[in-house]
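Reading the structure
So the chains spell out like this:
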Amino acid sequence: MSYRTTAARIVAFAALATTSTASFAATEISWWHAMGGRLGEVVNEISANYNEAQDACQLTPVFKGTYEEALTAGIAAFRAGEQPNILQVFDAGSATIIGAKGAVVPAEDLLNEAGAEFNIEDYIPGVRYFYADANGKMIGMPFNSSTPILYYNEEALEKAGVSAPKTWEEFEQIAPKLVEAGYIPLSQSHTPWIFAENFMSRHNLPFATNNNGYDGAEGTQILVDQDAIKMHFTKVKEWLDNGYYNFYGSGWADNQKPFQEGDVAMWLGSSGSFGGLMQSTDFDFSATFLPYWESVIDEGAQTFIGGAALFAMSGKSSAENNCTADFFSYLTSPEIQYMWHKETGYVPVTNAAYDLAKEDGHYDRFPAAEVGIQQLSLPSQDNTKGYRMGFYVQIRDVMRREFGQIFSGEKTADEAFKTIEEEANKLLARFEKTSG
Amino acid sequence: MKRVQFADPLMPYMLLLPQLLIVGIFFIWPAAEAVRSSFYLEDPFGFGSTFVGFDNFTDALTSSDYASTARFTLVFTALTTFFSLSIALLLAVKADSVIRGASTYRTLLMWVYAIAPPVAGLIGVMLFDQHIGPLKEFAGLLGWDMQIGVNYFDTAFCMIVIAVWKQVPINFIFFLSGLQSVPKSIQEAAAIDCRSGARRFWTVTFPLLAPTGFFLLIINITYALFETFGIIDLVLKGEPGNNPITLVYKVFLDGFRGNDLGGSSAQSVILMLLVFVLTIVQFRLIERRVHYN
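Residues numbered from 1 in each chain as written. Chains lettered and ligands numbered in written order. Predicted model: local features only at pLDDT ≥ 70, side-chain atom pairs only at ≥ 80, totals over all residues.

Comments concerning the overall build of chain B
Looking only at helices and strands, chain B features twelve helices and two strands. Scanning chain B from its N terminus toward the C terminus, one meets helices and strands in the order α-β-β-α-α-α-α-α-α-α-α-α-α-α. Once the C-alpha set of chain B is aligned to its principal axes, its extents read approximately 75 × 75 × 30 Å. Considering only contacts in chain B between residues 6 or more positions apart, those separated by 24 or more positions represent 67%. (Helix = DSSP H or I, 4+ residues; strand = E, 2+ residues; numbered from the N terminus. Contact = placed C-beta atoms within 7 Å.)

So, in structure tokens, the structure goes:
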């Protein structure tokens, strides 16, 4: 063994020993998330940067599969007393985790106890209250947040000589021209989220009783058997029959792909899809707000966020909770939010981060990247905060099934929405009993 | 005859203990737990629960969705079992009569057996993919606009084809060895009595294959009911929508995706009873008609 390699080994050993003592001294916290692929890489990057930035806490992110798998893994771990410090839970699962009294430490309390600054007004309007309780206390820390917007192929619209529609009435006028130009005018990737949940918010219509479910699970009933949404679905079915719209099943990617390939001129997807579209399309595209029916509301209202939030699990030592709070502060700092926004296309959750992105000229370079946050920043109204319903994953499954039957012509919108309301209310009544 | 006995009367129980422990921990305990939680509606985190008696069962059994899932499961199981058995039998009979290059044919026919189920499912899903699937395109040439994931019938068709394709090789191996154990002398005697090969097959060979066939029937029904789970999940890409699903997949959806522990436990108890009844029916009624010697 030469002198040089021996020396190198000693140095390496010493370095290893110091890092391991350093991490031994630090409080270790864990973060279970559901961010795969590129998103997972960014999560790892943020965690590594956080560990680099301070010595007191050591954060370990763990990928747990899909949103549903992450939640189920978190629940199983909680019951075994092995829960992570931070669990990422998606929008549809929020009633489950918030409804379980004592499973989580509210983000607001966590930050206040750790002495960190917290002001809910710092968060952009559409983000603020989705993961909050009835009193407006923030329970989950909004993390990857997006909202449905309309992407359009600029070449396709130019070829047809039309501009992007602001309302569904306008869409009906331009659709035939797009068909003539050889395109399928529209597809969308998440029927319950875009055409039901955010349809209600965009038109400021109540989606459930009890203040859209926020006032508690007791007696909450869904309100989908309404004229406006039934009219919308009757129209969508008409569009499908006329070739103005095409439905490629319940899978997200199956509906996005034809847009990327240039077959479909306009696609309703997530503002968080922006980063992926930039990489996968070879035509110029842009984006605009989710269209609304002028016959229902004069000016489209705000939409709310989809995506997921980070929940601080209970049953942890205060040292660990302080680290979790510290990480939440780090995560919501303008620089990190801006980096997350730029890398992934998810919206920055705080006003400060939004301002930073504007100052940096991000939206001059990519105007479409701003559409989601603008739509989330429209003035709040009564029914634009979101919804809180239990067993919502099953309710979405019921919706997807019934919507599929409207599209296939097996049911009319009237019949389908009657079924959705009946089955969803049964599920909600069952959920009410789970809290005992 | 002299009876052989253990010197220590406890010895046989000690020898059985490991097996009993495994059965107890991995079967009896979870099954008992499922029965218990089927009577409750529970917060998945374990903070609250309400005893609801048979509500979970009545909710499941009275829902129209559950009924249509059960109907599909029945049709799916019947078709998958029928086609995997009959195609395998046909292939086995033909392969049995091949003399030149027999081992090559047989290896090729068993090939799929070596593919892991999820991989087989993935290959199947890709073959039928909406955007790039060659089988979808082939169906298009025949004038069939196949839309997997959109059209109920097309999705069901795709699931059954993949499930059958994956199961045929296993059945083939068993049928082939069954055919090879039919004594030559009986076949020759039959050949003297009857010239029609088909008739000889149905009257002589087929009854001799019955024990193998009965065994495979049970295996295939179990396969179609329970083990096709992975294929169904892959075809649906995790989003059932307006597509057919089987009862087992629904247990998974409600329990693991939707965190409805009580509801999915009740459904799994129903399945347990179904399997129980099925097993009794199979052994009581069908096995009586099967002659092993």
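From this point, the narrative continues.
A look at the environment of Ala-34 of chain A
Residues and elements named next belong to chain A. Position of Ala-34 among the secondary structure elements: in the loop between strand S1 (27-33) and helix H2 (37-53). Here the alpha-carbon distance between Ala-34 and Phe-63, two residues 29 residues apart in the chain, equals 5.7 Å. Residues in contact with Ala-34, not counting those within four places in the same chain, are Lys-64, Gly-65, Thr-66, Tyr-67, Ala-70, Gln-88 and Ala-308.

A closer look at helix H11 (residues 247-257) of chain B
With eight of its eleven residues buried, H11 of chain B lies for the most part within the structure. Within H11 of chain B, the full set of buried residues consists of Leu-247, Tyr-249, Lys-250, Val-251, Leu-253, Asp-254, Gly-255 and Arg-257 of chain B. Packing partners of the buried residues in H11 of chain B comprise helix H3 (67-79) and helix H19 (392-407) of chain A together with helix H3 (64-97), helix H10 (229-236) and helix H12 (261-286) of chain B. Just past H11 of chain B, the residue Asn-259 of chain B takes up positive phi, approximately 60 degrees. (Buried ≥ 20, exposed ≤ 12 C-beta atoms within 10 Å, placed from the backbone.)

Brief notes about the UniProt feature "transmembrane region" (unreviewed entry) in chain B
Residues and elements named next belong to chain B. Per the UniProt record, "transmembrane region" (unreviewed entry) is annotated on residues 12-32, 72-93, 105-128, 148-165, 201-226 and 266-286. Along residues 148-165 the backbone is 78% helical and 0% strand, and the end-to-end C-alpha distance reaches 17 Å. Between the first and last C-alpha atoms of residues 201-226 the distance is 32 Å; the span itself is 100% helix and 0% strand. (UniProt positions renumbered as here; feature names shortened; annotations may be inferred.)

Focus: the pairing of strand S3 (residues 86-90) of chain A
The side chains of a regular strand alternate between both faces of the sheet. All names here are of chain A. Buried residues dominate S3, accounting for five of its five residues. Alternating residues of S3 divide into Ile-86, Gln-88 and Phe-90 and Leu-87 and Val-89, and every residue in both groups is buried. Of the strand pairs in this sheet, S1 and S3 are connected by two bridges, and their pairing is parallel. Note that in S3 the partner of Trp-32 across the bridge is Leu-87. (Pairing = 2+ DSSP bridges.)

A word on the interface of chain A and chain B
Taken together, the contacts link 33 residues of chain A with 30 residues of chain B. Secondary structure elements with two or more residues in the side of chain A that touches chain B: H3, helix H4 (94-99), helix H12 (252-260), H19 and helix H20 (413-434) of chain A. It is H19 of chain A that contributes the most residues to the side of chain A that touches chain B, seven residues altogether.

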